[in-house]
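Topology and contacts: notes
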Amino acid sequence: MKITVIGTGYVGLVSGACLAEVGNDVLCFDLDLEKIRVLEAGGIPIFEPGLQDMVRRNVAAGRLHFTTDAAHAVQHGTIQFIAVGTPPDEDGSADMQYVLAAARNIGRLMTDYKVVVDKSTVPVGTADQVHAAIADELRQRGVQAPYAVVSNPEFLKEGAAVEDFMRPDRIIVGASDERAILLMRALYAPFQRNRERLVVTDVRSAELTKYAANAMLATRISFMNELANLAEKLGADIEMVRQGMGADPRIGYHFLYPGCGYGGSCFPKDVKALIKTAADEGGVELKVLTAVETANEVQKNVLGRKIKQRLGDDLTGRHFAVWGLAFKPNTDDMREAPSLALLADLLAAGATVTAYDPAAMHEAQRVLGDEPRIRYAQSPNEALVGADALVIVTEWKEFRSPDFDLIKARLKQPLIVDGRNLYDPALVRGQGFDYLAIGR
């Protein structure tokens, strides 16, 4: 099947590569010439396990191509995926200009039947806007060409996106056009050979499903963070509470890990957008989600608060080792990362930092700029030298079983502030460390 993917960002590139992997002829379009050059040369602009090998393999096989030629892109695919960014506006709403520009481009250049698929995370009602934008362009051209607009939201976890696409939990298709539904079923058949995973809904329900899913996950995280803060006050251990809660099959264990707040490109943006959509379209105040967002913003400063409680508000002359900069493991994404709040707290209090992250070092330097009070180490252990404390922000696997004797030898004082509860408190404290975790 011939497929066009508009946008070669996170969602677009993963989708295009995975669709090519099962034999489709995929053309990825982007206006960014430099990004296309990188992709054609075998590189990828993001860090995602398994993606670069998949891209190279399918380019070599002739199933995956890249272009900046809009006319070529629109003519290529019967199915046109819109996978462009929807960054938040200042008021929290999703910025739809790139989605609607892509839709108008399709309407301006199409000559035969197209299935236009909204793959980007978009507010409820976007499919109607996309349909109207294409219709307007066709009307201006005086052309009648059949098309359908489908909502097919992505459910990809950064760090496991290739696996999520190739072995999906569910495939949501919001559509009313029978021909489009048949094409989407055929497209996704290779990804659901052992059981049916495709759920067909109306378009608006599909659009809301994506926001609802991310909002629920964000809610679980903020709920556990607040419980962890309470556990500290009550003298309880949130890890034992988590295990007791998770044993209830109605609750389960997923997304019950307390920490220093959620970040990334999805949860913060989608929670804000859903709150804004409810207020604008339905006149509804989503009180629970508003509290989720507020709790998360407070939680991002929890590590800074713990450090100041132990060492004082004035951290002038203090130096800290920070392990982890990305908002989660297996990505270099630092959008809304808790590490940014921690670094701001430490620098504002007069401290200096040496940071290490297995994937996000270059991204951190791009985001933070030329900040002389932040240095970057080439290894976790190098970051420890001369630090007053080790602060763990991201739960990378290589941080799980460190050499505690070496950590103690390199730190000025045996203080670990763990924002991800990686270690057994009894074990670490038994080795002479002052160990500050979340809810433990």
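Residues numbered from 1 in each chain as written. Predicted model: local features only at pLDDT ≥ 70, side-chain atom pairs only at ≥ 80, totals over all residues. Heavy atoms only, no water.

The next subject is the environment of R410. With respect to the element layout, R410 can be found in helix α17 (residues 404-410). On the basis of relative accessible area, R410 is assigned to the partly exposed category, the value being 34%. Sequence separation between R410 and S151 is 259 residues; the distance between their C-alpha atoms is 53 Å. Setting aside residues up to four positions removed in sequence, R410 forms contacts with N381, E382, L384, V385, G386 and A387. (Helix = DSSP H or I, 4+ residues; strand = E, 2+ residues; numbered from the N terminus. Buried < 20%, exposed > 50% of the residue type's maximum accessible area, 1.4 Å probe, protein only. Contact = heavy atoms within 4.5 Å.)

Enumeration according to the criterion identifies zero disulfides in this entry. Cysteine C28 is unpaired, with the sulfur of C18 as its nearest cysteine sulfur at 11 Å. According to the relative accessible area criterion, C28 is buried, its value standing at 0%. C260 takes part in no disulfide bond, and the closest cysteine sulfur, belonging to C266, lies 18 Å away. (Disulfide = S-S within 2.5 Å.)

This part takes up the sheet that holds strand β12 (residues 389-392). Backbone hydrogen bonds hold the strands of a sheet together, and the pairing may be parallel or antiparallel. Ordered by their spatial adjacency, six strands build an open sheet running β11-β10-β9-β12-β13-β14, and the pairing between neighbours is parallel. Every other strand in the sheet has two partners, leaving β11 (374-376) and β14 (434-436) as the edge strands with one partner each. Each adjacent strand pair in this sheet contributes to an overall mean axis angle of 20 degrees, direction not counted. Where β12 meets strand β13 (residues 415-418), three bridges bridge the pair, whose relative direction is parallel. Opposite L390, over in β13, you have I416 as the bridge partner. The strands touched by helix α13 (residues 302-311) within the sheet are β9 (319-323), β12, β13 and β14, with β13 carrying the most contacts at an inclination of about 155 degrees. (Pairing = 2+ DSSP bridges. Axes fitted to C-alpha atoms, helices over the stretch in contact; angles between N-to-C directions.)

What follows covers the packing of α13 against helix α14 (residues 338-348). It is at 8 Å that the axes of α13 and α14 come closest, and there the two elements cross at 35 degrees. Together, L303, G304, I307 and K308 of α13 and L342, D345 and L346 of α14 make up the contact between the two elements. Of the residues belonging to the contact of α13 with α14, the class tally is four nonpolar, one polar and two charged. (Nonpolar A, V, L, I, M, F, W, Y, C, P; charged D, E, K, R; others polar.)

With that settled, the discussion passes to empty space enclosed by the protein. Taken as a whole and assessed by the stated rule, the structure comprises one cavity of 30 Å³ or more. Empty space within the largest cavity amounts to approximately 40 Å³. At three residues, helix α9 (residues 203-234) tops the list of elements feeding residues into the lining of the largest cavity. Split into classes, the residues belonging to the lining of the largest cavity amount to three nonpolar, three polar and three charged. (1 Å grid on protein atoms, 1.4 Å probe; cavity = no way out; pocket = protein on both sides within 12 Å on 5 of 7 lines; lining within 4 Å. Points joined across faces, edges and corners; volume = space filled by probe spheres on them.)

Right, let's talk about unusual backbone geometry for a bit. Glycine aside, a negative phi is what most residues show, and trans is what most peptide bonds show. At E336, a position not held by glycine, the phi torsion is positive, near 60 degrees. Positive phi, normally seen in glycine, also occurs at N421, with a value near 50 degrees. One can find N421 in the loop between β13 and α18 (425-430).

Within the fold, S15 resides in helix α1 (residues 10-21). A relative accessible area of 2% places S15 in the buried class. With sequence-adjacent residues up to four places away left out, S15 is seen in contact with K119 and F165.

Moving on to the packing of helix α11 (residues 267-282) against helix α12 (residues 287-299). How two helices sit against one another is set out by the angle between their axes and by the gap between those axes. Relative orientation of the contacting elements α11 and α12 amounts to 145 degrees, with a least axis distance of 10 Å. α12 is crossed by α11, and the crossing has left-handed handedness. On the side of α11, the interface is formed by V271, K272, L274 and I275, while α12 contributes L289, T290 and E293. The residue makeup of the contact of α11 with α12, split by class, is four nonpolar, one polar and two charged. (Left-handed = near helix turned anticlockwise from the far one by under 90°.)

In short, shape yes, function no, at least from these values alone.
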